Amino acid sequence: MRETGPPGAEGGDDGPWVSSRPRAERARQLADVLRQRITSGAYEDGVLPGERELGAHLGASRNAVREALALLRNEGLISRKQGVGTTVVMPKYGHGLDRLAGLAETLTGHGAVTNEVRAARPVPAPPAAIAERLGLAPGEGAVYVERLRRLGGLPLSLDTTYLTADIGTPLLRCDLAHRDLFALIEETSGQRLGRAEVSVHAVNAGPDTAALLGVEAGAAVFAIERLTHLADGRPVDAESLHIRADRLALYATLHRGPAPKEA
């Protein structure tokens, strides 16, 4: 006996889906397909079709769809209620990693983005690791900014930023509650930002971070480290962001170039 349909594409183009595969494997693969569709906004009204319709669309049995939906419910991505159906618990918003842009700029049109400014002050002696990243001379100070970001009134991310003193000091007089730092840096310095190195990790939120973000302690969140440079190459902004993984999806468009030469 076979179930037609792919574990990762629609319409069965990748060949038959053999029903003798372990149930957990089939459920996981179907959940991957449905998760991608949900996070890409395929269900604009937040309501998923019924199990039978999903099965016909994805080429899978109703039982397989039910198991996949159970996984997504356990992840907290969807809710299933009798008489209501299957609904997306909270929409995920996309944040591209292929362009240097502030989060508020990226989320334009998705609701009001506000910042609770938890700290904004000069730091005479920043941590050694931060001083190294920013290329600070011994004894050179910095500016520290910490903001809790909300989208539509709900916590989205906790952003901590160290800036070089010449770039950060003018920002202390700006509207940090409603503006992106990137735009403010360019406005106050008269210089353009050039590039940023970014690393993304999945971490478990500690008690303090979890309380601020409105999630359970130990919940998975994105931890993003970003070092931003001016157009002339000088590093001026070292950030650490903790972002609710249930509210944001990170994406990028990648182009394949020539293979790197062996050393």
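Residues numbered from 1 in each chain as written. Predicted model: local features only at pLDDT ≥ 70, side-chain atom pairs only at ≥ 80, totals over all residues. Heavy atoms only, no water.

In this section: the overall build of the protein chain. Along the protein chain, the regular secondary structure elements total eight helices and 12 strands. Across the protein chain, every contact between residues at least 6 apart in sequence was considered, and the portion connecting residues at least 24 apart equals 58%. Carbon together with sulfur atoms contributes 51% to the accessible area of the protein chain, which is approximately 14,200 Å² in total. (Helix = DSSP H or I, 4+ residues; strand = E, 2+ residues; numbered from the N terminus. Contact = heavy atoms within 4.5 Å. Areas by Shrake-Rupley, 256 points an atom, 1.4 Å probe, with all protein chains shown as cover.)

Here we come to the sheet that holds strand S11 (residues 235-244). Pairing within the open sheet is antiparallel, and its six strands lie in the order S6-S7-S8-S11-S10-S9. Edge strands, defined here as strands with exactly one partner in the open sheet, are strand S6 (113-123) and strand S9 (193-204). For this sheet, the mean angle separating the axes of adjacent strands, direction not counted, is 15 degrees. Of the pairings in the sheet, the one linking strand S10 (residues 220-230) to S11 comprises nine bridges and is antiparallel in character. Across the sheet, the residue bridging to Glu-225 is Ser-240, located in S11. (Pairing = 2+ DSSP bridges. Axes fitted to C-alpha atoms, helices over the stretch in contact; angles between N-to-C directions.)

Here the structure, examined in full by the defined rule, presents 15 salt bridges. One salt bridge connects Arg-150 with Glu-116, and the closest N-O pair in it is separated by 3.2 Å. Taken together, the residues span a long stretch of sequence, with Arg-150 in strand S7 (residues 142-151) and Glu-116 in strand S6 at a distance of 34 residues. When its relative accessible area of 24% is taken as the criterion, Arg-150 is described as partly exposed. Judged by relative accessible area, which is 33%, Glu-116 ranks as partly exposed. (Salt bridge = Lys/Arg side-chain N within 4 Å of Asp/Glu carboxyl O. Buried < 20%, exposed > 50% of the residue type's maximum accessible area, 1.4 Å probe, protein only.)

Compared with an ideal rise of 1.5 Å per residue, which puts 13 residues at 18 Å, helix H3 (residues 62-74) spans 18 Å between its outermost C-alpha atoms and is within 8% of the ideal. Listing the buried residues of H3 in full gives Ala-64, Val-65, Ala-68, Leu-69 and Leu-72. All buried residues of H3 fall inside an arc of 135 degrees around its axis, so they share one side. Downstream of H3 by one or two residues, Gly-76 has phi in the positive range, about 85 degrees. (Expected span 1.5 Å × (residues − 1). Arc of directions from axis to C-beta.)

With that settled, consider the confidence of the model for the protein chain. For the protein chain, the average pLDDT comes to 81, and 82% of its residues sit at 70 or higher. Here residues 1-18 is modelled with pLDDT under 50, and outside its nearest four sequence neighbours on either side it reaches 45 contacts, counting other chains as well. (pLDDT = per-residue confidence, 0-100.)

Tallying each qualifying case throughout the model produces one aromatic pair. Summarising the aromatic geometry, the rings of Tyr-144 and Tyr-162 are spaced 4.9 Å apart at their centres and angled 50 degrees between planes, so their arrangement reads as tilted. Taken together, the positions of Tyr-144 in strand S7 and Tyr-162 in strand S8 (residues 154-164) put the pair 18 residues apart, joining distant regions of the chain. The burial state of Tyr-144 is the same as that of Tyr-162; both residues are buried. (Phe/Tyr/Trp six-rings, centres within 6.5 Å; stacked < 30°, edge-to-face > 60°.)

Between helix H2 (residues 51-58) and H3, the least distance of the axes is 8 Å, while the angle of their chain directions is 105 degrees. By the angle class used here, H2 and H3 are roughly perpendicular. Residues Glu-51, Arg-52, Leu-54 and Gly-55 of H2 form the contact with H3, whose own contacting residues are Arg-62, Val-65, Arg-66 and Leu-69. (Parallel < 35°, antiparallel > 145°, perpendicular 65-115°, else oblique.)

A few words on the packing of helix H1 (residues 23-39) against H2. Across the interface, H1 lies against H2 with an axial gap of 12 Å and an inter-helix angle of 100 degrees. The angle between H1 and H2 falls in the class roughly perpendicular. Contacts between H1 and H2 involve Leu-30, Val-33, Leu-34 and Arg-37 on the former and, on the latter, Leu-54, His-57 and Leu-58. Broken down by class, the residue content of the contact of H1 with H2 amounts to five nonpolar, one polar and one charged. (Nonpolar A, V, L, I, M, F, W, Y, C, P; charged D, E, K, R; others polar.)

With that settled, consider the nonpolar core. By size, the foremost hydrophobic cluster in this structure holds 18 residues, and its most contacted members are Leu-30, Leu-34, Ile-38, Leu-48, Leu-54, Leu-69 and Leu-72. Those elements that place two or more of their residues in this core are H1, H2 and H3. Among the nonpolar cores identified, the runner-up in size contains 13 residues, and Val-145, Leu-163, Ile-167 and Ile-185 belong to it. (Core = buried A, V, L, I, M, F, W, Y, C linked by side-chain atoms within 4.5 Å.)

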